[in-house]
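Structural description and commentary
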Amino acid sequence: MELRQLEYFVAVAEERNFTRAAERVHISQSGVSAQIRRLERELGAELFDRSARTVTLTAAGAAAFEHARAALAAAGAVGQAVGEVTGLLRGRLTLGMVIGCTLTPLFDALAAFHRAHPGVELSLREDNSDRLVEGLRSGDFDLGLVGAASGTLHGLDSLTLVSERLVVAVPAGHPLADAGRVTLRDLAAHPVVCMPPGTGLRTVFDRACEAQGVRPRVALQASAADAVAGLARRGLAAAVLSESMAALHRDRLTALPLDGVEAPALLALAWRGTPGPALAGLLGHCRRAFAGPDAGEG
């Protein structure tokens, strides 16, 4: 039994798909399948039920899963312990990032950390904020860039990077374009394009509407701010965005403050528990990157 076999086994179990697992561990799908079959032969039991489109653990696989994760964590801890003594960081950090986010300082921080600590393997995956938070709590991610409706994420530590109010962005000629300010009840008379449930911005918007008893007509949804703005520019709906998102499209859209929505939409780095040496180092690079003069660029 080899550590790489356990790594592939855990990847397939977590991704529930051989193709995605292969992409995650950077080898071919046939290579992952062959190693899993070899592990199954060594253990004398099938670890996965492959009869459906989604791969699921058998009873034997479920029994082995936590032990496999523990073995991988222990192996990683050995490298970290030696790294602390020698000053050379090693290991692997799995990062999650909210879909459609292009924060330049984060990418700068990842690049600077990689140059300083090439022995740490970085893995980055996108998802919506709700699933990223779940993944952080379960240990699937070491660090996440998430959208949030509150500065407190239960069970996690966090560092708020961006805190902005919501605005309505509309093109010239829209009935709200000359309103100056807009209430949620004003907005409810028009179709809306917004980010989908599970994102921090949408949570802020939905909570404000619920508190005021307003039922907006969310006609269109898109995960990326540019897509939301693009649909609004074409007159399909009024866009609900954060201030900086709307500012990138000020040449084609007018941004109007949303009266009565006081809670800001937050963008935060989140992690669980006391950071190990590698994660602590990456957080240091992130703090420095976001303290720089270009921290607000997207």
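Everything numeric here is computed off the predicted structure, so don't read it as measured data.

1. Topic: unusual backbone geometry
- A positive phi is found at R16, a non-glycine position, where the angle reads about 60°.
- Following the sequence through the fold, R16 ends up in the loop between α1 (3-15) and α2 (18-25).
- A relative accessible area of 42% means that R16 is categorised as partly exposed.
- Residues other than glycine seldom take positive phi values, yet H26 does so here, at roughly 65°.

2. Section: the confidence of the model for the protein
- Per-residue confidence for the protein gives a mean pLDDT of 87, with 94% of residues at or over 70.
- The spread of mean pLDDT over the elements of the protein runs between helix α4 (residues 59-86), the lowest at 78, and strand β9 (residues 191-194), the highest at 96.
- Confidence drops under a pLDDT of 50 for residues 293-298, and excluding neighbours within four residues, the segment shows 11 contacts in the predicted structure.

3. A look at the sheet that holds strand β4 (residues 120-127)
- Taken together, five strands build an open sheet; the order of strands is β4-β3-β5-β13-β6 and the sheet is mixed. Of all strands in the sheet, those bounded by a partner on one side alone are β4 and β6 (157-164). Averaged over all pairs of adjacent strands, the angle between their axes in this sheet comes to 20°, without regard to strand direction.
- Bridging between strand β3 (residues 91-98) and strand β5 (residues 143-148) involves three bridges; their strand directions are parallel. Bridge pairing links M97 to L145 in β5.

4. Focus: the nonpolar core
- Core analysis: the biggest nonpolar cluster contains 36 residues, and L166, L184, L187, F205, V240, L241 and L258 have the highest contact counts within it.
- Residue assignment for this core shows that the elements contributing at least two residues are β7 (166-170), α7 (184-187), β9, α8 (200-211), α9 (225-233), β11 (238-242) and β12 (254-259).
- When residues no more than four places from it in sequence are discounted, the contact partners of L241 are R165, L166, V167, A169, L201, A225, V228, A229 and A246.
- Residues C101, L136, F141 and V162 belong to the second largest nonpolar core, which totals 34 residues.

The rules we used
- Residues numbered from 1 in each chain as written.
- Predicted model: local features only at pLDDT ≥ 70, side-chain atom pairs only at ≥ 80, totals over all residues.
- Heavy atoms only, no water.
- Helix = DSSP H or I, 4+ residues; strand = E, 2+ residues; numbered from the N terminus.
- Buried < 20%, exposed > 50% of the residue type's maximum accessible area, 1.4 Å probe, protein only.
- pLDDT = per-residue confidence, 0-100.
- Contact = heavy atoms within 4.5 Å.
- Pairing = 2+ DSSP bridges.
- Axes fitted to C-alpha atoms, helices over the stretch in contact; angles between N-to-C directions.
- Core = buried A, V, L, I, M, F, W, Y, C linked by side-chain atoms within 4.5 Å.

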